[in-house]
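Descriptive structure summary
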Amino acid sequence: MSEPRLFRGGPDSPGDDIQEANIKYLSGWDQWKQANRKSWRKCVEDTKELLSYLELWRHDIRSIEGKFGTGIQSYFSFLRFLVLLNFVIFLLMFSFVTIPSTVSKHGVFNGSYVKPSLKSTEPECTVYIVSGTKGLIYFYTYIIDLLSGTGFLEMTSLFYGYYTVDTVYFGIVRYSVPLAYLLTTLAYLSLSLLWIVKRSVEGFKQSLVRNEDQFQSYCNKIFAGWDFCITDVNAAQLKHSSLHYELKTDLEEERLRQRAAERTTQEKIRIYCLRIFLNLVVLTVLSACFYSIYRATVYSQENISYDKKVKLEDNLWVQYLPSVVITMTNFIAPVIFSLLIKLEDYSPAFEIRLTLMRCVFVRLANIGVLLFSLWIRITSCADQKCETCGYNYKLYPCWESQVGQEMYKLMIFDFIIIFAVTVFVDFPRKLMVTHCSLKACRWCGLQEFDIPDNVLEIVYGQTICWIGAFYCPLLPAIATIKYFIIFYVKKISLMHTCKPSARPFRASSSNFFFLVVLLIGLVLAFIPLGLSMTHIRSSKACGPFVYFTHSWDVIAYTINRFPDVLKKVLNSMASEAFAVPFFMVLCLIMFYFIALAGAHKRVVNQLREQLVMESRDKLFLIRKLTEAQRLS
């Protein structure tokens, strides 16, 4: 073993001698380029090694990996990725939106404020009075405001209504806050998309390779299934049982495939009818969840009271009613799905995937239903004056801030639920199982650290952050603090109250699954933001887009102020004469990469056949050598 290591990396290895001999025959310019390339590569490697020591939670994640394996470690790495992503989003919003508006309001730089023209806007549309900020204010009122985002928080930089600055002048530079607000929103969405796609590519490659050949998957489990990062005895026993579970699951799937192939026509009709009926039950459960969220949102919006005489608990209950109902549906619906999936007679692997996708859909669709309920209330007009404003100005004079308050409440309530479940459910359960001698307590057992459920929790919160950052620009800062605390909460829970899930999860498949679910949440965030920017009229009483019918109109307004030559170029790029050739070029590039992928696949198949032939040749030579030894 020492000779190969010397050949690969030793300072006096034969590989270095060969490279030095080849350098002698290069020209001076090529030698200089190769020396610079080598020194640059070494500098990059040293920099990466130095930065690895500055990596957030490096020691904590490695200790988790050593005790519980790479599957659970991938969850905490994913949580660290979301902390960094939200911190970058916060820096974007804070640098390009919050700071310019704040310094202008405090007179550090000259600026102009948005003032709607009464000739083009009804006077009623421009009235915006923050409730609960006048007269005697009790202490519990501050608690309500802090938990719901109303009162003293409503006109802070936390929400959309604070940003009423139109232009900031940094010397001779004219800075448009509305344009910066919209472009920064598009920037953080695009950055999130690119970052997620970049991280998911490697997991996608490994998933393709692993799922291409069942025999290869079986060999990987037998010969490369052990996780050598595990040092804990209990975790090693769990990993052993997990591998046993995987092999047993593969055999069960093969048995189910064989049984499915032997089904008669009558049995196929029966199972398909049963699946159709159970899917109708699933749709009924989803409809009940969505309707309950809609009714809770309507009730909450109709009964929110800013009267100081109303009790604290009553007002909080009304304001948090949609969040409570969403949390209950997120808990109840997956339990029903897990019971129904056992009756549908699918393979174990497909059962897991289908149940997870249903849970993903119900969690993310609940947010969509909440926003749909709010926008029905916002755009519904009872009189002609309301139609002139384009939205219900009586109930929602600054509807963007009120949508931001709903996202803020969802974020706060989600954190409270995660923290409360860990402290008031997991820890007492651990104490009961450890110190209680009753059979019921022993049967209950420790809480499993279920990776998919924990991932769905944080993806749900991240989707709220993506949607709410437009209406609540500092929401990414709250999400960063929230996930930072959740990391330690989950770590303590894992170390002291939970046991790893018996269901195996590899790091590669886990990372790919996490990022796919996160990508679904990002796509969902694009839809309501795009519709609100282009189809719902901007508030005329608050925010930076008072001058525009829709917030997206600031793009057309900015383009119209460009020089004529640049406007012609941009208009030509937006025309059909440019779009059709551009689409054709994209199709040609796509066909080229498809052909290239097909060629690479054929080469891979040929190499596999060559490896098989080489193994047969080796067996043949070994057989001949054995026969020659016997004859001699």
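Remember, it's a predicted structure, so these values are computed and weren't measured experimentally. (Residues numbered from 1 in each chain as written. Predicted model: local features only at pLDDT ≥ 70, side-chain atom pairs only at ≥ 80, totals over all residues. Heavy atoms only, no water.)

1. Things to note about the overall build of the protein chain
In terms of helices and strands, the protein chain carries 22 helices and five strands. Here the protein chain holds 632 residues, and 40% of them are scored as buried. Entry remark: accessible area of the protein chain is about 36,600 Å², with carbon and sulfur atoms responsible for 66%. (Helix = DSSP H or I, 4+ residues; strand = E, 2+ residues; numbered from the N terminus. Buried < 20%, exposed > 50% of the residue type's maximum accessible area, 1.4 Å probe, protein only. Areas by Shrake-Rupley, 256 points an atom, 1.4 Å probe, with all protein chains shown as cover.)

2. Thoughts on the nonpolar core
In this structure, Tyr75, Phe76, Phe78, Tyr188, Trp399 and Trp466 are the most contacted members of the largest nonpolar core, which totals 118 residues. Every residue in contact with Trp399, bar those within four places of it in the chain, is listed here: Trp375, Ile378, Tyr391, Tyr471, Ser532, Ile536, Arg537, Ser538 and Ser539. Counting residues in hydrophobic clusters, the runner-up holds five residues, among them Val165, Val168, Val177 and Ala180. (Core = buried A, V, L, I, M, F, W, Y, C linked by side-chain atoms within 4.5 Å. Contact = heavy atoms within 4.5 Å.)

3. Things to note about the environment of Gly390
For Gly390, the location among the structural elements is in the loop between helix 14 (384-389) and helix 15 (399-435). You can call Gly390 partly exposed: its relative accessible area is 22%. Spatially, the C-alpha atom of Gly390 lies 8.4 Å from that of Ser538, the residues being 148 residues apart in sequence.

4. Some words on the pattern of salt bridges
This structure, assessed with the given rule, holds five salt bridges. Put simply, Lys409 and Glu406 hold a salt bridge, and the shortest N to O gap is 3.1 Å. You can see Lys409 and its partner Glu406 sitting in helix 15, three residues apart, about one turn around the helix. Side by side, Lys409 and Glu406 carry an identical accessibility label, which is buried. Between Lys490 and Glu457 there is a salt bridge, and its shortest N-O distance comes to 3.5 Å. Of the two residues, Lys490 sits in helix 18 (residues 475-496) while Glu457 sits in helix 17 (residues 451-468), which places them 33 residues apart along the sequence. For Glu457, a relative accessible area of 21% translates into the label partly exposed. (Salt bridge = Lys/Arg side-chain N within 4 Å of Asp/Glu carboxyl O.)

5. Side note on a nonpolar patch on the surface
Nonpolar side chains collect at one region of the surface, where Phe562, Val565, Leu566, Val569, Met573, Phe578, Phe582, Val585, Leu586, Ile589, Tyr592 and Phe593 lie side by side and expose about 1,100 Å² of accessible area between them. Looking at the nonpolar patch, the elements with two or more residues in it are helix 21 (564-573) and helix 22 (576-631). The leading source of residues in the nonpolar patch is helix 22, at seven residues. On the secondary structure map, Phe578 appears in helix 22. (Patch = residues over 30% accessible without salt bridge, like charges linked within 9 Å, V, L, I, M, F, W, Y side chains within 5 Å.)

6. Focus: the state of the cysteines
Across all of its chains, the model carries one disulfide by this definition. One disulfide in the model links Cys398 with Cys542; its S-S distance is 1.8 Å. The chirality of the disulfide connecting Cys398 with Cys542 is right-handed, given an S-S dihedral of about 90°. One end of the pair, Cys398, is in the loop between helix 14 and helix 15; the other, Cys542, is in the loop between helix 19 (507-534) and helix 20 (553-560), and 144 residues separate them in sequence. Exposure remark for Cys398: the relative accessible area of 0% places this residue in the buried category. Of the residues examined, Cys542 reaches a relative accessible area of 1% and is grouped as buried. (Disulfide = S-S within 2.5 Å.)

7. Things to note about the side chain of Gln405
Along the chain, Gln405 turns up in helix 15. Among residues more than four places away in sequence, those in contact with Gln405 are Ser148, Gly149, Thr150, Glu154 and Phe159.

8. Things to note about the sheet that holds strand 2 (residues 165-170)
The three strands are arranged 1-2-3 in an open sheet whose pairing can be described as antiparallel. Each edge of the open sheet carries a strand with a single partner, namely strand 1 (110-113) and strand 3 (173-176). Across the sheet, the mean angle separating the axes of adjacent strands is 20° when strand polarity is ignored. (Pairing = 2+ DSSP bridges. Axes fitted to C-alpha atoms, helices over the stretch in contact; angles between N-to-C directions.)

9. Observations concerning the packing of helix 12 (residues 321-341) against helix 15
Closest axis-to-axis distance for the helix 12/helix 15 pair is 9 Å, and the angle between their directions is 50°. Relative to helix 15, the element helix 12 is oriented oblique. Helix-helix and strand crossings are classified by hand; for helix 12 and helix 15 the assignment is right-handed. Where helix 12 approaches helix 15, its residues Pro322, Ser323, Val324, Ile326 and Thr327 are matched on the opposing element by Glu406, Lys409, Leu410, Phe413 and Ile417. Classifying every residue of the contact of helix 12 with helix 15 by side-chain character gives six nonpolar, two polar and two charged. (Parallel < 35°, antiparallel > 145°, perpendicular 65-115°, else oblique. Left-handed = near helix turned anticlockwise from the far one by under 90°. Nonpolar A, V, L, I, M, F, W, Y, C, P; charged D, E, K, R; others polar.)

10. Description of the packing of helix 15 against helix 18
The contact between helix 15 and helix 18 brings their axes to 11 Å, and the two run at 10°. The angle between helix 15 and helix 18 falls in the class roughly parallel. Where helix 15 approaches helix 18, its residues Met407, Tyr408, Met411, Ile412, Asp414, Phe415, Ile418, Phe419, Thr422, Asp426, Phe427 and Lys430 are matched on the opposing element by Leu475, Ile478, Ala479, Lys482, Ile485, Ile486, Val489, Lys490, Ile492, Ser493 and His496. Across the contact of helix 15 with helix 18, the residue classes break down as 15 nonpolar, three polar and five charged.

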